[in-house]
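Now for the letters of each chain:
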Amino acid sequence: MKKLYTILLAFILLSVMGNQLFAQSQMQYRSLGKTGLKVSEIGIGCGCFSQMNEAQSIEYMDTCLKYGINYVDIYDPDPKTRGNLGISLKGRRDQMIIQGHIGVCWKDGQYKRTRDLAEAKEGFEDLLARLHTDHVDVGMLHIADDMEDWNVIKNGDLMKYAQRLK
C-alpha cells in the first residue's frame, strides 16, 4: 500500500504542480555521452506503470511529454508494467528515449535477475514486443552487485549479446 501512495503522490505532484514547477523555466536537456541523444534532466522510472490501468498510463505519459520529459528507464519485467508502458507510448514512440535492461526476466510470476543468455534474450525480446518497438535507445546491463558479478557479465555471453544489439 505504501508503494501505491508513493506512486500516487508522484503522479499528483507531476499533474497538479507541473504548471507551477515548469512555468518559470523550460525543461533542460543534456547530451547523453557521445550518443547524440538529448535527454531531459528529469526522467521517469517504470515501476509506477504496474499500479495503473491503461487510461492512467496514457494520462501519465501525456503529462510527462507535456512537460518535456523524454527519458524512461524500464527494468521491470512485469508484463503489466511493460504492457502499460507500451500502450502509453502507442503512436508516439519517437518522442521518448527508452533505456531497457538486459539481464532481467519474468519467471514464475516474479522478477528475476539473470546471467543466463537464453533467459536474458527472452526477457529483452519480451520488452521489445510489449513496448511495440524494434529497439531501445539505451541498453543497460542489469545490476552488477560486485566485481565478481561484473566479471561474469563482462567476460560472458551477456556482454557479447549486448554488443551485438548495439
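Residues numbered from 1 in each chain as written. Predicted model: local features only at pLDDT ≥ 70, side-chain atom pairs only at ≥ 80, totals over all residues. Heavy atoms only, no water.

## Considering the overall build of the protein chain
Across its full length, the protein chain holds seven helices and eight strands. Looking at the protein chain residue by residue over its 166 residues, the buried ones come to 42%. For the protein chain, the proportion of contacts with a sequence separation of at least 24, taken over those separated by at least 6, is 71%. As displayed, the protein chain offers around 9,700 Å² of accessible surface, 53% of which is attributable to carbon and sulfur atoms. (Helix = DSSP H or I, 4+ residues; strand = E, 2+ residues; numbered from the N terminus. Buried < 20%, exposed > 50% of the residue type's maximum accessible area, 1.4 Å probe, protein only. Contact = heavy atoms within 4.5 Å. Areas by Shrake-Rupley, 256 points an atom, 1.4 Å probe, with all protein chains shown as cover.)

## Some points on the environment of Ile 97
Relative to the helices and strands, Ile 97 resides in strand S5 (residues 97-102). Residue class for Ile 97 comes out buried when judged on its relative accessible area of 10%. As a C-alpha pair, Ile 97 and Ser 40 span 57 residues in sequence and 9.4 Å in three-dimensional space. The contact partners of Ile 97, leaving out residues within four places of it in the chain, are Leu 37, Lys 38, Val 39, Asn 70, Tyr 71, Val 72, Asp 137 and Val 138.

## A closer look at the packing of helix H5 (residues 117-131) against helix H7 (residues 157-165)
A pair of packed helices is captured by two measures, namely the crossing angle of their axes and the spacing between those axes. At a minimum axis distance of 9 Å, the contact between H5 and H7 shows a crossing angle of 35°. Along this stretch, H5 crosses H7, giving a crossing that reads as right-handed. Facing H5, whose interface residues are Leu 117, Ala 120, Lys 121, Phe 124 and Glu 125, H7 presents Asp 157, Leu 158, Tyr 161, Arg 164 and Leu 165. Broken down by class, the residue content of the contact of H5 with H7 amounts to six nonpolar, no polar and four charged. (Axes fitted to C-alpha atoms, helices over the stretch in contact; angles between N-to-C directions. Left-handed = near helix turned anticlockwise from the far one by under 90°. Nonpolar A, V, L, I, M, F, W, Y, C, P; charged D, E, K, R; others polar.)

## Looking at the side chain of Ser 40
Here Ser 40 lies in strand S2 (residues 38-40). On the basis of relative accessible area, Ser 40 is assigned to the buried category, the value being 6%. In this structure the side chain of Ser 40 is engaged in a polar contact, spanning 2.6 Å, whose partner is the backbone oxygen of Ile 42. Sequence-distant contacts of Ser 40, defined by excluding residues within four places in its chain, comprise Met 27, Gln 28, Tyr 29, Gly 68, Ile 69, Asn 70 and Tyr 71. (Polar contact = N/O pair within 3.5 Å; in protein donor to acceptor, adjacent residues only side chain to side chain.)

## Observations concerning the pattern of salt bridges
Using the criterion set out here, one finds 10 salt bridges in the structure. Among the salt bridges present, the one from Asp 137 reaches Arg 93, with a minimum N-O distance of 3.0 Å. Here Arg 93 lies in the loop between helix H4 (79-89) and S5 and Asp 137 lies in the loop between H5 and strand S8 (138-141), a separation of 44 residues in the sequence. For Asp 149, the salt bridge identified is with Arg 115, shortest N-O distance 2.9 Å. Of this pair, Asp 149 sits in helix H6 (residues 147-154) while Arg 115 sits in the loop between strand S7 (110-113) and H5, and the two are 34 residues apart along the sequence. Take Arg 115: its relative accessible area is 23%, and that puts it in the partly exposed class. Through salt bridges with shared partners, a single network forms among Arg 113, Arg 115, Asp 145 and Asp 149. (Salt bridge = Lys/Arg side-chain N within 4 Å of Asp/Glu carboxyl O.)

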